[in-house]
Amino acid sequence: MPIATIDPATGETLETFEALPGDEIQRRLATAASAYAHHRTTGFAERARLLGRAADLLEEDAADIARTMTTEMGKPVKAARAEAAKCVKAMRWYAEHAEGLLADEHPAEKDVSDSGASRAIVRYRPLGVVLAVMPWNFPLWQVVRFAAPALMAGNVGLLKHASNVPRTALYLQELFTRAGYPEGCFQTLLIGSGAVEDVLRDRRVAAATLTGSEPAGRSVASVAGDEIKKTVLELGGSDPYLVLPSADIERAAATAVTARVQNNGQSCIAAKRFIVHADVYDAFRERFVAGMRELTVGDPMSEDTDVGPLATEQGRADLEELVDDALGGGATALCGGQRPKEQERGWYYSPTVLADVTPQMRIHREEAFGPVATLYRVADLDEAVELANDTPFGLSSNVWTRDDADVERCVRDLEAGGVFFNGMTASHPGLPFGGVKRSGYGRELSGHGIREFCNATTVWHGA
């Protein structure tokens, strides 16, 4: 895949970039190692000052970088501005909280009294150079949610971004440089996927984090495992959205529309499978399908647009294959199911709701990365939970109920990294984020996330 900015609203190639040559990659690895030797010794106050300055600059740049993101991957510009604002919030949150999250831990004397220590503590120390392999769907947020905690912990970052968002990738390096970070603390590597293995195997790289596809995760995890290096993986998701009899159906249906088409439907944590109790199925279906039909599909630079184009031509082709397979197997398109006739250029796809989906259809098992929902009717909570878990993924889940027994049952039995009640899945810097099963392992955000790339060091003092 070329490293290029291609406008998904038109298919026009706006700019191409040369991949870094091998000698430049080596220079940047050496620069990162040198930067780490210094950055690891700085205090939290200095790190917070730098990250706070980066947040201020991003806040000033928000309108411009939003247009860049929209141009490169097609999300509505109003959503791109919201993404920039979320990044500012996360930077400031970590600047404020990192010191407390990484404070020395003092085990209770009674718990270590037989260890022979007069004093024992646990100290969190940085690991070193962390390679981040990041996707295009949230091209700013995915990077910042790694970079903010990693830099505050004393690590330094190397970014290998998706090849279709090079302008955003270069902006991120520029942002941290303008904020005053020493050279090498955060660098963008414009390289193809084939060059990742050599970088990850380099002795100067201590760990890696990847957000992306399951095949990409397998590849990075395999190399890192061979090198015995720490990884955090956030991969795909096919999140269930359960609607139970006590739910507020009006709110559940309205939120379902947003939960499915956020980021043009290209979000790992977007709700994708809508599992509805028979008692409220008809009422939910009517409102949900109507809401999907009413969405405005069009120019992502327009403030009135709800759904823009998919990010890549191949992405739309993959989505069409899933839908066509389902329709060919007997599924029913309650709306959509095809390209919108109004958009002759660009990689658009109509918001779609599929009913009568069976386990034999690919879309029952595979992640639909676009504005396509599958709708299921179930007889009871047992069937709802069984269907929700009938997926290789386990990123997040959504449940609409006002019954406390339903809440406890879903928290206990849903196989996911998060369970969101009466609302849609969202990430917040203060809450851990990640999945189970083929959605990956490890956690981002919160104290759990900042400690992923730390060395939890036992410090023991003899009597």
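Quick summary incoming for the structure in this document.

Criteria and thresholds
Residues numbered from 1 in each chain as written. Predicted model: local features only at pLDDT ≥ 70, side-chain atom pairs only at ≥ 80, totals over all residues. Heavy atoms only, no water. Salt bridge = Lys/Arg side-chain N within 4 Å of Asp/Glu carboxyl O. Helix = DSSP H or I, 4+ residues; strand = E, 2+ residues; numbered from the N terminus. Buried < 20%, exposed > 50% of the residue type's maximum accessible area, 1.4 Å probe, protein only. 1 Å grid on protein atoms, 1.4 Å probe; cavity = no way out; pocket = protein on both sides within 12 Å on 5 of 7 lines; lining within 4 Å. Points joined across faces, edges and corners; volume = space filled by probe spheres on them. Nonpolar A, V, L, I, M, F, W, Y, C, P; charged D, E, K, R; others polar. Phe/Tyr/Trp six-rings, centres within 6.5 Å; stacked < 30°, edge-to-face > 60°.

1. Some points on the pattern of salt bridges
This structure, assessed with the given rule, holds 36 salt bridges. One salt bridge connects R27 with E183, and the closest N-O pair in it is separated by 3.6 Å. Here R27, found in helix α1 (residues 22-39), pairs with E183, found in the loop between α6 (166-178) and β6 (186-188); they are 156 residues apart in sequence, far enough to count as distant. According to the relative accessible area criterion, R27 is partly exposed, its value standing at 38%. Classification of E183 as exposed rests on a relative accessible area of 59%. R339 is the partner of E320 in a salt bridge, and the nearest nitrogen-oxygen pair spans 2.6 Å. Taken as a pair, E320 in helix α11 (residues 313-328) and R339 in the loop between β11 (332-335) and β12 (352-355) lie far apart in primary sequence, 19 residues in all. E320 sits in the buried class, given a relative accessible area of 16%. A network of salt bridges, in which partner residues are shared, links E24, R27, R28 and E183.

2. Some remarks on the layout of surface pockets
Quantified by volume, the largest pocket comes out at close to 1300 Å³. For the lining of the largest pocket, the secondary-structure elements that each account for two or more residues are α7 (196-201), β7 (205-211), α8 (214-227) and α11. For the lining of the largest pocket, the leading source of residues is α8, giving 6 residues. Across the lining of the largest pocket, the residue classes break down as 21 nonpolar, 15 polar and 7 charged. As for the second largest pocket, its lining consists of 29 residues, of which A79, F138, Q262, N263 and M424 are closest to the centre. Looking at the lining of the second largest pocket element by element, the count peaks at 5 residues for helix α3 (residues 77-101).

3. Focus on the packing of aromatic side chains
Tallied over the full model, the rule gives 8 aromatic pairs. Relative to Y94, the ring of W93 has its centre 5.0 Å away and its plane inclined at 85°; by these criteria the two rings are edge-to-face. Here W93 matches Y94 in class, with each residue buried. On the numbers, 5.5 Å between centres and 80° between planes, the contact of F176 with Y181 is edge-to-face. Exposure class is identical for F176 and Y181. Each is buried. Members of the aromatic cluster, each reached through a chain of ring pairs, are Y241, F274, F284, F288 and W400.

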